[in-house]
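# Structural features, examined
These are the residues of each chain, in order.
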Amino acid sequence: QEVLDGVAVLSELKPLANIDELSAYGLESPVRYLVVSYSDDTKTVFYLSYQETSGLWYMRTADTEKVYIAPAEVCELTERGVYDMMKLPVLPELTEDTIKSITLTTGEERTVLTYKDGSWLCGYNPVGEKPTIVDTVMSLQIAKCVDYAPSEGAAEVCGLTEPQATVQVTYVNTVGVETEETITIGDYRESMDGYYARVEGDRAIYLLAAESVEPILKQEKVLLYV
């Protein structure tokens, strides 16, 4: 939608009054362009070029007699890869009023936290105030998509067949139905500073920010109460 809105902005630009040769703007043989195709089989091509010397983005269409200065915020949208354009799944908005239980599994360690009658339990043992790990789970959000159509074997490569951790939350959704959400956490990807992850029922492979995952991976029983 942002790209579509940007097209409307580009379409309304006014050309420069006096122009030099197209090569002065990097528009003689531009390598970046935005093509808009319409239902009547016509199309408009916006040719874009950024010039370091002026610090400006320039644009032309098929009409080589006109040059425009284009807004950087619109032109920079063309730098996005397809994965950055994906509308990411939004994890449920969790509160103490809607959470029934949280199950954390890391290796051989399995911790079940339950919220009942205004109190938190670890297993069957009351723990008093809300454990800090609960806030960590409640704030988890998908950072980006890594692979929306993974090939066979991709999950194994990403460490998702033998995950580092699994987070399962039982909660009451917005229509009052008890629901489960399960997130599987795989290997760390250093170049993105995040961990591969999958949401149950979704084949795509996503990324969770490292800062939101590491408290879960490092969890020990003593940390639950701090």
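Residues numbered from 1 in each chain as written. Predicted model: local features only at pLDDT ≥ 70, side-chain atom pairs only at ≥ 80, totals over all residues. Heavy atoms only, no water.

## Topic: the overall build of the chain
Where we set the bar: Runs of E in the DSSP output that reach at least two residues are strands. Runs of H or I that reach at least four are helices, and both are numbered from the N terminus. Restricting the calculation to C-alpha atoms gives the radius of gyration, and the globule rule supplies 2.2 Å times the number of residues raised to the power 0.38. Partly exposed describes any residue whose relative accessible area lies between the buried limit of under 20% and the exposed limit of over 50%, with all areas from a 1.4 Å probe on protein chains only and scaled to the type maximum. Contact between two residues is taken to exist if any of their heavy atoms lie within 4.5 Å; hydrogens are not considered. Accessible surface is estimated by sampling points in the Shrake-Rupley manner with a 1.4 Å probe; for residues, cover comes only from the protein chains shown. His is not counted, nor are the chain ends, whereas Lys and Arg count as positive and Asp and Glu as negative. Charged groups are reduced to one reference atom each: NZ for lysine, CZ for arginine, CG for aspartic acid, CD for glutamic acid.
Of regular secondary structure, the chain possesses five helices and 13 strands. Computed over the C-alpha atoms, the radius of gyration of the chain is 25 Å, more than 25% above the 17 Å expected from 2.2 N^0.38 for a compact globule of 226 residues. In terms of overall dimensions, the chain has C-alpha extents of about 80 × 35 × 35 Å along its principal axes. Per-residue burial for the chain yields a buried fraction of 38% across its 226 residues. Counting only contacts in the chain whose residues sit at least 6 apart along the sequence, the fraction spanning at least 24 positions is 52%. Carbon and sulfur atoms make up 48% of the accessible area of the chain, which totals about 13800 Å². Charged side chains in the chain number 17 positive and 38 negative. The centres of these two groups are separated by 3 Å.

## Comments concerning the state of the cysteines
Our working rule: The definition used for a disulfide is geometric: two cysteine sulfur atoms within 2.5 Å.
The full count for this structure, using the stated rule, is zero disulfides. You can see cysteine 145 has no disulfide; the closest cysteine sulfur is in cysteine 158, sitting 11 Å from it.

## Structural notes on empty space enclosed by the protein
The criterion, for reference: The distinction between a cavity and a pocket rests on a 1 Å grid over the protein atoms alone: a 1.4 Å probe fits inside a cavity but cannot get out, while a pocket stays open yet meets protein on both sides within 12 Å along at least five of seven lines, and a residue with an atom within 4 Å of a point counts as lining. Grid points are joined across faces, edges and corners, and a volume is the space filled by probe spheres set on the points. In this count, Pro and Cys sit with the nonpolar residues alongside Ala, Val, Leu, Ile, Met, Phe, Trp and Tyr, while Asp, Glu, Lys and Arg are called charged and the others, Gly among them, polar.
Enumeration according to the criterion identifies two cavities of 30 Å³ or more in this entry. Its boundaries defined by the atoms lining it, the largest cavity holds a volume of some 80 Å³. Lining the largest cavity, in full, are Leu91, Pro92, Leu94, Val137, Met138, Leu140, Val167, Val169, Glu181 and Ile183. When residues of the lining of the largest cavity are traced back to their parent elements, those giving at least two are helix H3 (132-138), strand S10 (165-172) and strand S11 (178-189). Broken down by class, the residue content of the lining of the largest cavity amounts to nine nonpolar, no polar and one charged. In this structure, the second largest cavity occupies an estimated 50 Å³ of space. Going through the elements one at a time, helix H1 (2-11) and helix H2 (72-75) are the ones with two or more residues in the lining of the second largest cavity.

## Description of the packing of aromatic side chains
Defined as follows: Classification of ring pairs rests on two measures: the distance between centres of Phe, Tyr or Trp rings, Trp counted by its six-membered ring, which must be within 6.5 Å, and the angle between planes, read as stacked under 30 degrees, edge-to-face over 60 and tilted in between. Cation placement over rings: the criterion is NZ of Lys or CZ of Arg within 6 Å of the ring centroid and within 35° of the ring normal.
Going through the model one piece at a time under the given rule, you end up with six aromatic pairs. On the numbers, 6.3 Å between centres and 55 degrees between planes, the contact of tyrosine 33 with tyrosine 47 is tilted. Taken together, the positions of tyrosine 33 in strand S1 (residues 32-37) and tyrosine 47 in strand S2 (residues 43-51) put the pair 14 residues apart, joining distant regions of the chain. Relative accessible area serves as the criterion here: at 23%, tyrosine 47 is assigned to the partly exposed category. Judged by centre distance (5.1 Å) and plane angle (50 degrees), the ring pair of tyrosine 188 and tyrosine 195 falls under tilted. Taking the relative accessible area as the measure of exposure, tyrosine 188 reaches 36% and is therefore partly exposed. Sitting above the plane of the tyrosine 47 ring, arginine 60 keeps its charged end 4.4 Å from the centroid.

## Some points on the environment of asparagine 173
Let me state the cut-off plainly: Two N or O atoms form a polar contact when they lie within 3.5 Å of each other; inside protein one atom must be a possible hydrogen donor and the other a possible acceptor, and for residues adjacent in sequence the pair counts only when both atoms belong to side chains.
As for its placement among the helices and strands, asparagine 173 is situated in the loop between S10 and S11. Accessibility expressed as a relative area gives 23% for asparagine 173, which makes it partly exposed. For the pair asparagine 173 and threonine 98, spaced 75 residues apart in sequence, the C-alpha separation works out to 7.1 Å. At 2.8 Å, the side chain of asparagine 173 forms a polar contact with the backbone nitrogen of valine 177.

## Describing the nonpolar core
Where we set the bar: Only buried residues count toward a nonpolar core, which is a set of Ala, Val, Leu, Ile, Met, Phe, Trp, Tyr and Cys residues joined through side-chain atoms within 4.5 Å.
By size, the foremost hydrophobic cluster in this structure holds 32 residues, and its most contacted members are Ile102, Trp120, Ile185, Leu208 and Ile216. If we skip the residues at most four places from it in the chain, leucine 208 touches Leu140, Gln141, Ile142, Ile183, Ile185, Gly194, Tyr195, Ala197 and Val213. One finds Leu34, Leu48, Met59 and Cys75 within the second-largest nonpolar core, a separate group that totals 13 residues.

## A word on the sheet that holds strand S5 (residues 99-106)
Under the convention used in this document: Strand pairing is assigned whenever DSSP identifies at least 2 bridges connecting the two strands. Working convention: axes come from line fits to C-alpha atoms, limited for helices to the stretch in contact. Angles between N-to-C directions cover 0 to 180 degrees.
If you trace the nine strands from one edge of the open sheet to the other, you get S8-S7-S6-S5-S10-S11-S12-S13-S9, paired in antiparallel fashion. The two strands at the open ends of the sheet, each matched to only one other strand, are strand S8 (125-128) and strand S9 (144-147). On average, adjacent strands in this sheet sit at an angle of 30 degrees to one another, irrespective of strand direction. Packed onto the sheet, helix H5 (residues 210-217) meets S5, S10, S11, strand S12 (194-199) and strand S13 (205-209) and runs at close to 85 degrees relative to S13.

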